Amino acid sequence: NGAGKTTTIKIVEPAEAPREPVSPRKVLSLFLALFLGGCGGVFLAMLSYKLEDRVWSDADVENDVGLKVLGSVPRVSWTARKQLALIGLRDKFSIAAEALSGIRGLMDRNSQGKTFLFTSSEPREGKTICSCNTAIMSAKGDMRVLLVDLDMRRPQVARIWSKSIPEVKNQDWSLIHALCDTNPPAFESLCTKTELPNLDIVVSHIARDINPAEVLGTKRLREFLEWAGSHYDRVIIDSPPLGAASDAMVLSGLVDGVVLVLRFNRTKKSIARRCVKKLNEGGANILGAIINDVDLSRVGHEYGPYYGGY
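Residues numbered from 1 in each chain as written. Predicted model: local features only at pLDDT ≥ 70, side-chain atom pairs only at ≥ 80, totals over all residues. Heavy atoms only, no water.

## A few points about the sheet that holds strand 1 (residues 69-74)
In spatial order, the strands read 1-8-7-2-6-3-5-4; together these 8 strands make up an open sheet with mixed pairing. The open sheet has two edge strands with one neighbour each: strand 1 and strand 4 (192-193). Pairing geometry for strand 2 (residues 115-120) and strand 7 (residues 257-263), over 5 bridges, is parallel. Bridge assignment links S120 to a residue of strand 7, and that residue is V261. Each of strand 1, strand 2, strand 3 (145-149), strand 5 (199-202), strand 6 (234-238), strand 7 and strand 8 (286-294) is contacted by helix 6 (residues 127-140), which is oriented at about 165° to strand 6, the strand it contacts most. Here helix 10 (residues 219-231) sits on the sheet in contact with strand 2, strand 3, strand 5 and strand 6, set at roughly 155° to strand 3. (Pairing = 2+ DSSP bridges. Helix = DSSP H or I, 4+ residues; strand = E, 2+ residues; numbered from the N terminus. Contact = heavy atoms within 4.5 Å. Axes fitted to C-alpha atoms, helices over the stretch in contact; angles between N-to-C directions.)

## Considering the confidence of the model for the protein chain
One rule of thumb: low pLDDT means the predicted coordinates there are not for detailed reading. Scored by pLDDT, the protein chain comes out at a mean of 85, with 88% of its residues at no less than 70. In the model, residues 302-310 has pLDDT below 50 throughout and makes 3 contacts with residues more than four positions away in sequence or in other chains. (pLDDT = per-residue confidence, 0-100.)

## Some details on the nonpolar core
Nonpolar side chains tend toward joint burial in soluble globular proteins. V61, L146, V148 and F224 are the most contacted members of the largest nonpolar core, which has 48 residues in total. Setting aside residues up to four positions removed in sequence, L146 forms contacts with C191, D200, I201, V202, F224, W227, A228, Y232, R234, V235 and I236. Counting residues in each nonpolar core, the second largest holds 40 residues, with L70, A139, A158 and I165 among its members. (Core = buried A, V, L, I, M, F, W, Y, C linked by side-chain atoms within 4.5 Å. Buried < 20%, exposed > 50% of the residue type's maximum accessible area, 1.4 Å probe, protein only.)

## Observations concerning the packing of helix 2 (residues 58-65) against helix 12 (residues 269-281)
One can describe the packing of helix 2 onto helix 12 by two numbers: an axis separation of 10 Å at closest approach and a directional angle of 50°. When the axis of helix 2 is compared with that of helix 12, the two are oblique. As for how helix 2 packs across helix 12, the hand of that crossing is right-handed. Side by side, helix 2 and helix 12 meet where D60, D64 and V65 of the first sit next to K269, A272, R273 and V276 of the second. When grouped by side-chain class, the residues that make up the contact of helix 2 with helix 12 number 3 nonpolar, no polar and 4 charged. (Parallel < 35°, antiparallel > 145°, perpendicular 65-115°, else oblique. Left-handed = near helix turned anticlockwise from the far one by under 90°. Nonpolar A, V, L, I, M, F, W, Y, C, P; charged D, E, K, R; others polar.)

## Considering helix 6
For helix 6, spanning 14 residues, the distance from its first C-alpha to its last is 20 Å, which sits close to the expected 20 Å at 1.5 Å a residue. Two residues or fewer past helix 6, D142 is found with a positive phi of approximately 65°. (Expected span 1.5 Å × (residues − 1).)

## Digging into the pattern of salt bridges
Under the counting rule described, the total for this entry stands at 12 salt bridges. The salt bridge involving R75 is made with D295; its shortest N-O contact spans 3.5 Å. Of this pair, R75 sits in the loop between strand 1 and helix 3 (81-84) while D295 sits in the loop between strand 8 and helix 13 (296-299), placing them 220 residues apart in sequence. The class for R75 is partly exposed, based on a relative accessible area of 36%. Looking at D295, the relative accessible area reads 14%, which means it is buried. R104 is the partner of D108 in a salt bridge, and the nearest nitrogen-oxygen pair spans 3.2 Å. Residue D108 and its partner R104 are both found in helix 5 (residues 95-110); the two are separated by 4 residues, about one turn of the helix. A relative accessible area of 29% means that D108 is categorised as partly exposed. Of the residues examined, R104 reaches a relative accessible area of 19% and is grouped as buried. Connected via shared salt-bridge partners are R75, R263, D293 and D295. (Salt bridge = Lys/Arg side-chain N within 4 Å of Asp/Glu carboxyl O.)

## A look at the pairing of strand 7
Along any regular strand the residues' side chains alternate between the sheet's two faces. Here strand 7 lies mainly inside the structure; 7 of its 7 residues are buried. Burial along strand 7 is two-sided: G257, V259, V261 and R263 and V258, L260 and L262, pointing in opposite directions, are all buried. Here strand 7 runs beside strand 8; their pairing, made up of 6 bridges, is parallel. By the bridge assignment for strand 8, V259 is matched with G288. Handedness of the β-α-β unit built from strand 7, helix 12 and strand 8 comes out right-handed. (Right-handed = clockwise from strand over helix to strand, strands pointing away.)

## Regarding unusual backbone geometry
Phi is mostly negative for residues that are not glycine, and the peptide bonds are mostly trans. Positive phi, normally seen in glycine, also occurs at R124, with a value near 65°. By the secondary structure assignment, R124 is in the loop between strand 2 and helix 6. The phi dihedral of D293 is positive, around 65°, even though this residue is not glycine. Within the secondary structure, D293 is located in strand 8.

## Considering the packing of aromatic side chains
Under the criterion given, the structure shown has 5 aromatic pairs. For the pair W56 and F264, a centre-to-centre distance of 5.0 Å together with 65° between the ring planes defines the contact as edge-to-face. One end of the pair, W56, is in the loop between helix 1 (26-52) and helix 2; the other, F264, is in the loop between strand 7 and helix 12, with 208 residues separating them in the sequence. Judged by its relative accessible area of 29%, W56 falls in the partly exposed class. The exposure class assigned to F264 is buried, which follows from its relative accessible area of 2%. With a centroid separation of 6.1 Å and 70° between ring planes, the pair formed by W227 and Y232 is classed as edge-to-face. Judged by relative accessible area, W227 falls into the buried class, the value being 12%. Classification of Y232 by relative accessible area gives buried; the value is 5%. One aromatic cluster in this structure is built from F187, F224, W227 and Y232. (Phe/Tyr/Trp six-rings, centres within 6.5 Å; stacked < 30°, edge-to-face > 60°.)

Put into structure tokens, the structure is as follows:
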């Protein structure tokens, strides 16, 4: 061109052909694949174990936990938890009420004695729901039933029945106070009648100055349970979870039978096994387990469409 520009090229170092390929680096890729594959395998194994460790079916309870299944309570999504505890009274045609009625029938046929303790491995697994409804179904079966709230750390029975029996919610004096009173009243005064003629309840309230663990070891509690068994055909006791306190362990030796409530896809089989071991070591008579909150859409159930007609 007109400027007369030229370009000078200078060879600094002559190029050499590589002795091995730059990419892919096979050895590095192999080690990375082994490492990532191992980590992924461990993660999947842990995830699988976590999922498989949860209660999904009757077979999980019978084979892995070692308990007989008394029944399964289907999930009821259209009602609140507080209302669910009285579903046997409020919605007698629901599939949950039918299941609870079947559980009561199994208890009638297969259990000896009058006093039965309902507990669970952890909180929020449905022991109060099952104990209240079992008491309701038993009362409907022409039994004189007493429902006792011995979960003195987180009592729920008074709250559940407060709508139909307002006076039980604001009582300053309850079962835990009576068991510690130096001049205890007659046990009859602890009982409150419900709208079911055959069902009475005994409630507890939280007492900041009373240790529930000390109450459970008293002679007064044994006398109360003996009185309840002599005046009622069936006594249903709601107790704290086994994993939260030792109360259920103490109570299990004072009753005729124990029912362990497990929650579908939430209760861990490993924890349930430990609870069963504790109960057996304490000499408890375990009647079986109830699987609560079963999602029928996930496990399949041939009666689902039938009950949909209600």
